[in-house]
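# Structure assessment
If you want the building blocks of each chain, they are given just below.
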Amino acid sequence: MQQNGKFKDVIVVGFALFAMFFGAGNLIFPPYLGIITGPEWLSAFIGFTFADAGLALLAVMATSKYNGDVVKMFSRAGGKLALILACADILCIGPFLAIPRTGATTYEMGITPLFGDKISIVLFVIIFFTLTYILTIRPSKVIDIVGSFLTPALLIALAVIIIKGVISPLGTAVEEPMIEGVVSEGIAQGYQTMDAFAAIALASVLIVSLNEKGYNTIGKKLKIVAKSGILACIGLALVYGGLCYLGSTVSTMYGIDVKQSQVIVKITEGLMGQTGKMVLAVCVALACLTTSIGLTSATGQFFSKISKNKFDYNKVVLAVCIFSACMASIGVGGIVKVASPVLSIVYPPSIVLIILAFFSEKIKNDNVYKFSVYVSLLISILTVLGDYGITVPVVRSLPLQEFGFNWVIPTIIAGAIGYFVPGKSTKIDPITISMEE
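## Focus on unusual backbone geometry
One non-glycine residue, Met-194, adopts positive backbone phi at about 60 degrees. Structurally, the position occupied by Met-194 is in the loop between α9 (182–193) and α10 (195–212). Located in the positive-phi region is Lys-308, a residue other than glycine, with phi close to 55 degrees. Along the chain, Lys-308 turns up in the loop between α12 (260–306) and α13 (313–328).

## Remarks on the packing of aromatic side chains
Going through the model one piece at a time under the given rule, you end up with 13 aromatic pairs. With centroids separated by 4.3 Å and ring planes inclined at 15 degrees, the aromatic side chains of Tyr-191 and Tyr-347 adopt a geometry described as stacked. One end of the pair, Tyr-191, is in helix α9; the other, Tyr-347, is in helix α14 (residues 331–356), and 156 residues separate them in sequence. With relative accessibility at 1%, the residue Tyr-347 sits in the buried group. Plain terms: the ring middles of Phe-302 and Phe-303 are 5.1 Å apart, the flat faces sit at 85 degrees to each other, and that makes the pair edge-to-face. One exposure class covers both Phe-302 and Phe-303, and it is buried. Within the aromatic cluster, the residues linked to one another by ring pairs are Tyr-107, Phe-124, Phe-128 and Phe-129.

## Details of the packing of helix α2 (residues 29–37) against helix α11 (residues 218–249)
α11 packs onto α2 with a crossing angle of 40 degrees between their chain directions and a minimal axis gap of 6 Å. When the interaxial angle is binned, α2 and α11 end up oblique. As for how α2 packs across α11, the hand of that crossing is right-handed. Between α2 and α11, the contacting residues are Pro-30, Pro-31, Leu-33, Gly-34 and Ile-35 on the first element and Tyr-240, Leu-243, Cys-244, Gly-247 and Ser-248 on the second. Residue classes in the contact of α2 with α11 are distributed as seven nonpolar, three polar and no charged.

## Quick look at the pattern of salt bridges
All told, the structure shown has three salt bridges when counted by the stated rule. With a shortest N-O distance of 3.3 Å, Lys-65 and Glu-361 are connected by a salt bridge. Of the two residues, Lys-65 is situated in helix α3 (residues 41–65) and Glu-361 in the loop between α14 and α15 (367–387); the sequence distance between them amounts to 296 residues.

## Thoughts on α12
Helix length check: α12 (47 residues) gives 36 Å between terminal C-alpha atoms against 69 Å at 1.5 Å per residue, more than 12% under. Phi turns positive, to about 55 degrees, at Lys-308, one or two residues after α12.

## Comments concerning the nonpolar core
Core analysis: the biggest nonpolar cluster contains 129 residues, and Phe-22, Val-60, Phe-74, Leu-154 and Tyr-191 have the highest contact counts within it. In terms of residues, this core owes the most to one element, α12, which gives 15 residues.

## Focus on the confidence of the model for the protein
Mean pLDDT over the protein stands at 83; residues scoring 70 or higher make up 91%. When pLDDT is averaged over each helix and strand of the protein, the minimum, 42, is found for helix α18 (residues 430–433) and the maximum, 93, for α2. Segment residues 430–437: pLDDT under 50, and 22 contacts once partners within four positions in sequence are set aside and those in other chains are kept.

## Examining the packing of α14 against α15
Between α14 and α15, the shortest axis-to-axis distance is 9 Å and the interhelical angle comes to 160 degrees. Considering their axes alone, α14 and α15 lie roughly antiparallel with respect to each other. α14 and α15 meet at a crossing whose hand is right-handed. Across from Pro-341, Ser-344, Ile-345, Pro-348, Pro-349, Val-352, Leu-353 and Leu-356 in α14, the residues of α15 making contact are Tyr-369, Ser-372, Val-373, Ser-376, Leu-377, Ser-380, Ile-381 and Val-384. In terms of residue class, the contact of α14 with α15 is built from 12 nonpolar, four polar and no charged.

## So, the side chain of Asp-195
Along the chain, Asp-195 turns up in helix α10. Buried charge without a partner: Asp-195 forms no salt bridge, and the closest opposite charge is Arg-101, 6.4 Å away. A polar atom in the side chain of Asp-195 sits 2.9 Å from the side chain of Asn-26.

## Points about the side chain of Asp-366
Position of Asp-366 relative to the elements: it lies in the loop between α14 and α15. Looking at Asp-366, its side chain comes within polar contact range of the side chain of Arg-76, at 2.8 Å.

## Examining the environment of Leu-97
Residue placement: Leu-97 occurs in the loop between α5 (79–96) and α6 (98–115). Take Leu-97: its relative accessible area is 2%, and that puts it in the buried class. Expressed as a C-alpha distance, the spacing of Leu-97 and Val-338, which sit 241 residues apart in the sequence, is 8.0 Å. Ignoring any residue separated from it by four or fewer positions in sequence, one finds Leu-97 in contact with Leu-91, Cys-92, Met-194, Ile-335, Val-338, Ala-339, Val-342 and Leu-343.

## Focus: a nonpolar patch on the surface
Together, Leu-400, Phe-403, Ile-409, Ile-412, Ile-413 and Ile-417 line one region of the surface with nonpolar side chains, adding up to about 500 Å² of accessible area. By the secondary structure assignment, Leu-400 is in the loop between α16 (393–396) and α17 (408–420).

## Examining the state of the cysteines
Applying the stated criterion across every chain, the model contains zero disulfides. Free of any disulfide, Cys-244 has its nearest neighbouring cysteine sulfur in Cys-233, separated by 15 Å. Assessed through its relative accessible area of 0%, Cys-244 is described here as buried.

Rules and cut-offs
What you see as residue numbers is a count from 1 along each chain, following the sequence as written. Local features in this predicted model are restricted to residues whose pLDDT is 70 or higher, and side-chain atom pairs enter the listing and the counts only when it is 80 or higher, whereas totals over whole chains, interfaces and linings include all residues. Only hydrogens and water are set aside; all other atoms, that is, all heavy atoms of the structure, feed into the side-chain values. Put simply, DSSP H or I for four residues or longer makes a helix, DSSP E for two residues or longer makes a strand, and each gets a number counted from the N terminus. Only rings of Phe, Tyr and Trp enter the pairing, Trp through its six-membered ring, and a pair is recorded when the two centres are within 6.5 Å. The plane angle decides the type: under 30 degrees is stacked, over 60 is edge-to-face, the rest tilted. Note on classification: 1.4 Å probe, protein chains only; a residue is buried when its accessible area is under 20% of the maximum for its type, exposed when over 50%, partly exposed between these limits. Inter-axis angles, ranging from 0 to 180 degrees, are taken between N-to-C directions of lines fitted to C-alpha atoms, where helices are fitted over the stretch in contact. Should an angle lie under 35 degrees it is considered roughly parallel, over 145 roughly antiparallel, and from 65 to 115 roughly perpendicular; all remaining angles are considered oblique. By definition, turning the near helix anticlockwise from the far helix through less than a right angle yields a left-handed crossing, and turning it clockwise yields a right-handed one. Between two residues, a contact is recorded if the distance between any of their heavy atoms is within 4.5 Å. Only Asp, Glu, Lys and Arg are considered charged, only Ala, Val, Leu, Ile, Met, Phe, Trp, Tyr, Cys and Pro nonpolar, and every remaining residue, Gly among them, polar. Within this document, salt bridges are pairs made up of a side-chain nitrogen of Lys or Arg and a carboxyl oxygen of Asp or Glu, the two lying within 4 Å of each other. Between the first and last residue of a helix there are one fewer steps than residues, each counted as 1.5 Å, and that sum is the expected span. Residues grouped as a nonpolar core are buried Ala, Val, Leu, Ile, Met, Phe, Trp, Tyr and Cys residues, joined through side-chain atoms within 4.5 Å. Scored between 0 and 100, pLDDT is the confidence that the predictor attaches to each residue. Only four residue types enter the charge count: Lys and Arg as positive, Asp and Glu as negative, with His and the chain ends excluded. We call two N or O atoms a polar contact when they sit within 3.5 Å, provided that within protein one can donate a hydrogen and the other can accept it, with sequence-adjacent residues counted only if both atoms are side-chain atoms. Excluding any residue in a salt bridge, patches collect residues exceeding 30% relative accessible area, merging like charges within 9 Å and nonpolar Val, Leu, Ile, Met, Phe, Trp and Tyr side chains within 5 Å. Residue-level accessible areas treat just the shown protein chains as cover; the underlying method is Shrake-Rupley with a 1.4 Å probe. A pair of sulfur atoms, both from cysteines and within 2.5 Å, is called a disulfide here.

Set out below in structure tokens:
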């Protein structure tokens, strides 16, 4: 393959990854993060970008090693746990959290700014997810066309807003952050995007595309994914940095209790007037619909595949749409509250398995996987319980607690112990992990 062809593929796949990672939901968290962190928005932004774009890149590369099979990637931690974690990840980006958020976000950022309370959220989500169902079971080229121009349109609109906000800021940052633990809050908000889980779910789509382009070994695919992923991450970082900064400039106008989904709408209206707000609302609404369709389809395919078609694709899609409509009716704020503890539990063991996937050829003892994953899961559960008043003092005093990574050191120690405890050595499939050129 010629060098020019490879360069073109890096650009094309890079934009594809950007589009996969950047949904309308990603507009909610950075501006709000800028408001609550004020003068320390840069530190919060770094934590956010690592937990969002950084983990998403690692996730898509790790899953690519296993040709998009997330259950296989997790399997060395134990078959049952692998299946449970894989299902949890998919459910998070499916009907439990991410899909309902597309409907709620559309209502709060697309419908409310234009029509106020004239349309109820219940009526709207019924219409939204009925449309999602129809377009998911009967895919149309219309969705591809809409998706192909929406991302550029949304990016152009955001670029104009960010540049205008940098040149003529609406205000100045508050003197002190409104919260403690600025970096850990950035990481927690980055988890909320669920892009790492989305990367796991959508990696199979990327694999098919790379196969069609002639990348027939895992090594070649990983090189393209890595280069394209870095390009996508740079793009995401620029957008997130701009949005965080814009949030900090209005931190004297809004407090910690501001409605997250309305922050970017209010900023846009302040900078560009009513017309800018309307354009943003329409772009966000259409982007949410395409995201809903993509995630609903991925969820249906996943459960149909792992059940060996015992769960009919169309019936899974119907169930997802009904449940998502019910969840969406509680609003973005309600979904975020539900998501926070769930993601704080599910993310650490998933991150551990994603990182270990890069060393699967070197690690022969499955106990390394099992010990580290179970300890990360235990620490995460105890940490979340602490937020609800059930405190285990030692958990709060672990290293890196202030950054939200109190599970890391115990997990490394557990993995090291597992290395020396005799256990099963899973046979590695050379076709799956071959790094040959």
